[in-house]
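Topology and contacts: notes
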Amino acid sequence: EPEVTQTPSHQVTQMGQEVILHCVPISNHLYFYWYRQILGQKVEFLVSFYNNEISEKSEIFDDQFSVERPDGSNFTLKIRSTKLEDSAMYFCASSGRGGQGNQPQHFGDGTRLSIL
Amino acid sequence: DAKTTQPNSMESNEEEPVHLPCNHSTISGTDYIHWYRQLPSQGPEYVIHGLTSNVNNRMASLAIAEDRKSSTLILHRATLRDAAVYYCILKRRGSQGNLIFGKGTKLSVKP
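Predicted, not measured: the structure shown is a model, and the values here were computed from it.

Structural notes on the interface of chain A and chain B
Facing 23 residues of chain A, the contacting portion of chain B comprises 23 residues. For the chain A and chain B pair, buried surface summed over both sides reaches about 1,900 Å², with 50% attributable to carbon and sulfur atoms. Taken together, chain A and chain B are joined by zero salt bridges. If you look at where chain A meets chain B, you find three residue pairs in polar contact (both at pLDDT 80 or more).

Here it is as structure tokens:
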């Protein structure tokens, strides 16, 4: 069964540094998402992406965040100047065609980001 | 998206059925009911979804009340691998947007 792949599984970065998290969504999917989960807390939506542009973003997704689909397979999340509070699990997800609210999202196993 | 209410935790014995309830009294006619689960140290995993009729798949069954103000996820024979946090989420028809996760129900399965 096709799956969403995220790399690296664990990223350790110094505060203030830039970090890029990588995701390979399921190949025929058209909608892409990033979520995060701070340890012990709820999964929170960050951003959704469709047709090469952001379709929706949350308040968390401020100017230090950006997303890109640099080629036909990768979907990246960049954090420009990391802060201690950015430490979290970051999950990528994708879903297929169909805007009926009934398309399931498929998640990767996440990247654990640790900011020192 | 409308709000859902779930118990914080539930326990089950292995190989017994589990009924996980969800209340969504403010559901609108165009909201789909989705269930996801999150196993320890993994990303959320889609389980099942429905609109009005009961649904079955290889993982579970979804029973939806006639007035749609509540639903129940049914695991027919719980295994140790089913120990996870289960989330009930409403998604509006025509929406391809984000999932709003609550705290979910933490299911423990005893051998």
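Some points on the pattern of salt bridges
Applying the stated criterion to the full structure yields six salt bridges over all chains. Across the pair Arg36(A) and Glu44(A) runs a salt bridge, and its minimum N-O distance is 3.2 Å. The residue Arg37(B) makes a salt bridge to Glu45(B) at a minimum N-O spacing of 2.9 Å. Given a relative accessible area of 5%, Arg37(B) falls into the buried group. Among the charged side chains, a network of salt bridges with common partners joins Arg37(B), Glu45(B) and Asp82(B).

Some remarks on the sheet that holds strand β3 (residues 31-38) of chain B
All names here are of chain B. On the basis of which strands lie adjacent, the open sheet formed by five strands has the order β1-β9-β8-β3-β4 and mixed pairing. In this open sheet, the two strands that pair with only one neighbour each are β1 (9-13) and β4 (45-50). Strand-to-strand twist in this sheet, taken as the mean axis angle between neighbours without regard to direction, amounts to 25°.

About the criteria used
- Residues numbered from 1 in each chain as written.
- Chains lettered and ligands numbered in written order.
- Predicted model: local features only at pLDDT ≥ 70, side-chain atom pairs only at ≥ 80, totals over all residues.
- Heavy atoms only, no water.
- Contact = heavy atoms within 4.5 Å.
- Buried area = accessible area lost by both parts, 1.4 Å probe.
- Salt bridge = Lys/Arg side-chain N within 4 Å of Asp/Glu carboxyl O.
- Polar contact = N/O pair within 3.5 Å; in protein donor to acceptor, adjacent residues only side chain to side chain.
- Buried < 20%, exposed > 50% of the residue type's maximum accessible area, 1.4 Å probe, protein only.
- Pairing = 2+ DSSP bridges.
- Helix = DSSP H or I, 4+ residues; strand = E, 2+ residues; numbered from the N terminus.
- Axes fitted to C-alpha atoms, helices over the stretch in contact; angles between N-to-C directions.

Scope: geometric values only; no functional claims are made or implied.
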